[in-house]
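Structural description and commentary
Residues per chain are reported as follows:
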Amino acid sequence: IASARRMTFVLTLISDPSDRAADAEAAAVAARALRDAGAVPRTPRVLGERIACDIPFSADGTEGLAEEARRRLLGRPLDVAVQPAQGRRKRLLAADMESTLIRNEMLDELASIADPGGEMRRRIAEMTARAMKGEVEFAQSLRERVALLRGRPEACLAQAMAAIRLMPGAVQLVGTMRKFGACTAIVTGGFAPFTEWVRERLGCDLVVGNALTVADGVLSGAVKEPILDRDGKAASMLRVAAERGIAPDEILAVGDGANDVRMVAAAGAGVAFRAKPVLLEAARFRIDYGDLTALLYLQGYSDADIVP
């Protein structure tokens, strides 16, 4: 009788596509970890050849299973996720931009252009790092960093935009979720016009973010208020979902730092992507090795589903 009441879950192994570490041996190690914990694993399903696989299993619960599988796989560059088999595919993607959809931190890029000598970049980069770790309050830190750029020519924005590098897997993540009917939103503390550039390149449905102010062809050193901080990001995500009739448990939210904590915690599938420790504590899932296609494998998409 107890066995009949068991739920069906799935353990997913995900590798960076360049490492291809999700092989049959890794799947066997994970399956043994499940069996030793009293679960009943089934035949693995390959999502991406040596990149990702699902191991369905039945169990009374999942507490500690992901951690035990990670321990058994120590030394292999693999992400491990455990979740119910049903309801994996989400209807809304809410993604942070800087160090998530793109590799860059754009204030750092602006500082490099505005001050080629490097002292301003060093100061701004240090302040950015502290804000992302949650050591200082985001909005005030943002005001202070932007103030350092006061008087710099507006042309710096175009120069910085030319330095933007999309995160590997970003195009596939957005394109695939849109292909299967999901809404895709950038929800970021970053700035227009960078946010619009990224939205257009990726084909996202909408963007919610901050904006720098410009006067007489120079940066004013101010941010348009109110600043989108961690509370604003979570509220914006939930508002976008409500407007589309999407429940919180149908949202996939992803970010990397302290400003993403409440957004990630409020989503049905909250993902810490190569993240700071403060976000790892709030996220349901963590991706330390995979690129952004990991978020597709996490939802059960296979290579046959993923847009190029």
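Check the entry above for the structure.
This section reports on the structure supplied with the text.

**Describing the overall build of the protein**
Helices and strands together make up the secondary structure of the protein, namely twelve helices and twelve strands. Against the compact-globule benchmark of 19 Å for 308 residues, the protein has a radius of gyration of 21 Å, which places it among compact chains. Judged by the C-alpha coordinates and their principal axes, the protein covers about 75 × 40 × 35 Å. Sorting the 308 residues of the protein into buried and exposed places 53% on the buried side. Of the contacts made within the protein by residues no fewer than 6 positions apart, 66% connect residues no fewer than 24 positions apart.

**Description of the packing of aromatic side chains**
What the rule picks out here adds up to two aromatic pairs. Taken together, a centroid distance of 5.6 Å and an interplanar angle of 25 degrees make the contact between F9 and F57 stacked. Of the two residues, F9 is situated in strand β1 (residues 7-15) and F57 in strand β4 (residues 52-59); the sequence distance between them amounts to 48 residues. Among the residues examined, F57 registers a relative accessible area of 0% and is labelled buried.

**With respect to the packing of helix α3 (residues 106-114) against helix α4 (residues 119-132)**
Packed helices, taken two at a time, are described by the angle their axes make and the gap between the axes. Where α3 meets α4, the closest approach of the two axes is 8 Å, and the angle between their N-to-C directions is 170 degrees. On the basis of the axis angle, α3 is roughly antiparallel to α4. On α4, the residues touching L107, D108, E109, A111, S112 and A114 of α3 are M120, R121, I124, A125 and T128. Classifying every residue of the contact of α3 with α4 gives six nonpolar, two polar and three charged.

**Let's talk about helix α1 (residues 24-36)**
Compared with the 18 Å implied by 1.5 Å per residue over 13 residues, the 18 Å span of α1 between its first and last C-alpha is a close match. Looking at α1, one finds that the buried residues are A26, A27, V29, A30, A31, A33 and L34. Buried residues in α1 make contact with β1, β2 (40-41), β4, α2 (65-72) and β5 (78-84). Directly after α1, the chain includes G38, whose backbone phi takes a positive value near 95 degrees.

**Thoughts on empty space enclosed by the protein**
Evaluation of the coordinates by the stated rule reveals one cavity of 30 Å³ or more. As for the largest cavity, its lining consists of 17 residues, of which E98, E105, M132, F138 and G189 are closest to the centre. Listed by contribution, the elements that provide at least two residues to the lining of the largest cavity are α4, α5 (138-147) and β7 (183-192). Residue contributions to the lining of the largest cavity peak at four residues, all from β7. A per-class count over the lining of the largest cavity returns five nonpolar, five polar and seven charged.

About the cut-offs
Residues numbered from 1 in each chain as written. Predicted model: local features only at pLDDT ≥ 70, side-chain atom pairs only at ≥ 80, totals over all residues. Heavy atoms only, no water. Helix = DSSP H or I, 4+ residues; strand = E, 2+ residues; numbered from the N terminus. Rg over C-alpha atoms; globule rule 2.2 N^0.38 Å. Buried < 20%, exposed > 50% of the residue type's maximum accessible area, 1.4 Å probe, protein only. Contact = heavy atoms within 4.5 Å. Phe/Tyr/Trp six-rings, centres within 6.5 Å; stacked < 30°, edge-to-face > 60°. Axes fitted to C-alpha atoms, helices over the stretch in contact; angles between N-to-C directions. Parallel < 35°, antiparallel > 145°, perpendicular 65-115°, else oblique. Nonpolar A, V, L, I, M, F, W, Y, C, P; charged D, E, K, R; others polar. Expected span 1.5 Å × (residues − 1). 1 Å grid on protein atoms, 1.4 Å probe; cavity = no way out; pocket = protein on both sides within 12 Å on 5 of 7 lines; lining within 4 Å. Points joined across faces, edges and corners; volume = space filled by probe spheres on them.

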